[in-house]
Amino acid sequence: MSSIRNTATTQPCALVAQALAIYRSIAACHAHIANNNSRSRSNTHALTAALMLPCYQAEFRNLVLALTSDEERELRYALDEFRNSAA
């Protein structure tokens, strides 16, 4: 089993909340990069976002692989709500 789920005290919704927080960071990185692309000057936030994005994506993938099917379903619903609120 994955090291992400290393304790018996980890609540199912805790991993979902962690994955959702990382997904929000991924979305923020994309926003910083897109914002910088619309400007001609260099932006430190966009550079940081570009460097962090692969790390966030890898961590998100690892968390998703550690989820049970019920947790995956809960995450899908949470991601749908996040995307709908961002639109």
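Note that the structure is predicted; figures quoted are calculated from it, not measured.

Each value, and the rule that gives it
Residues numbered from 1 in each chain as written. Predicted model: local features only at pLDDT ≥ 70, side-chain atom pairs only at ≥ 80, totals over all residues. Heavy atoms only, no water. Helix = DSSP H or I, 4+ residues; strand = E, 2+ residues; numbered from the N terminus. Buried < 20%, exposed > 50% of the residue type's maximum accessible area, 1.4 Å probe, protein only. Contact = heavy atoms within 4.5 Å. Areas by Shrake-Rupley, 256 points an atom, 1.4 Å probe, with all protein chains shown as cover. Expected span 1.5 Å × (residues − 1). Bend = angle between axes of the 7 residues up to and from the residue. Disulfide = S-S within 2.5 Å. Salt bridge = Lys/Arg side-chain N within 4 Å of Asp/Glu carboxyl O.

Asks: Residue-level account of the overall build of the protein, with values.
Replies: From N to C terminus, the protein includes 3 helices and 0 strands. Every one of the 87 residues in the protein was classed for burial, and the buried ones make up 26%. Long-range contacts, defined here as pairs at least 24 residues apart, represent 70% of the contacts in the protein between residues at least 6 apart. Only carbon and sulfur atoms are counted for the fraction: they give 55% of the accessible area of the protein, which is about 6000 Å².

Asks: Can you tell me about the environment of Ala 50, naming the residues and giving the values?
Replies: Along the chain, the position of Ala 50 falls in helix 2 (residues 44–66). For the pair Ala 50 and Ile 33, spaced 17 residues apart in sequence, the C-alpha separation works out to 6.7 Å.

Asks: Tell me about helix 2, and name the residues and values.
Replies: For helix 2, spanning 23 residues, the distance from its first C-alpha to its last is 33 Å, which sits close to the expected 33 Å at 1.5 Å a residue. Of all the bends in helix 2, the greatest reaches close to 35° and is centred on Met 52; the proline Pro 54 follows between one and four positions later. Buried within helix 2 we find Ala 46, Ala 49, Leu 53, Phe 60, Leu 63 and Ala 66.

Asks: Which residues make up the state of the cysteines, and what values go with them?
Replies: The term disulfide refers to a covalent linkage connecting the sulfur atoms of a pair of cysteines. Going through the model one piece at a time under the given rule, you end up with 0 disulfides. Cys 29 supplies the cysteine sulfur nearest to Cys 55, a cysteine that is in no disulfide, at a spacing of 9.2 Å.

Asks: Any details on the environment of Ala 17? Residues and values, ideally.
Replies: Note that Ala 17 resides in helix 1 (residues 12–37). Between the C-alpha atoms of Ala 17 and Glu 74, which are 57 residues apart in sequence, the distance is 9.6 Å.

Asks: Break down the pattern of salt bridges for me, with residues and values.
Replies: Here the structure, examined in full by the defined rule, presents 3 salt bridges. Here Arg 76 ties to Glu 72 by a salt bridge, and the two come within 3.4 Å at their closest N and O atoms. Residue Arg 76 and its partner Glu 72 are located together in helix 3 (residues 69–86), separated by 4 residues, close to a single helical turn. Relative accessible area serves as the criterion here: at 29%, Glu 72 is assigned to the partly exposed category. In this structure, Arg 83 engages Asp 80 in a salt bridge whose closest nitrogen and oxygen atoms are separated by 3.6 Å. Of the two residues, Arg 83 and Asp 80 both sit in helix 3, 3 residues apart, roughly one turn of that helix. With a relative accessible area of 39%, Asp 80 lands in the partly exposed category.

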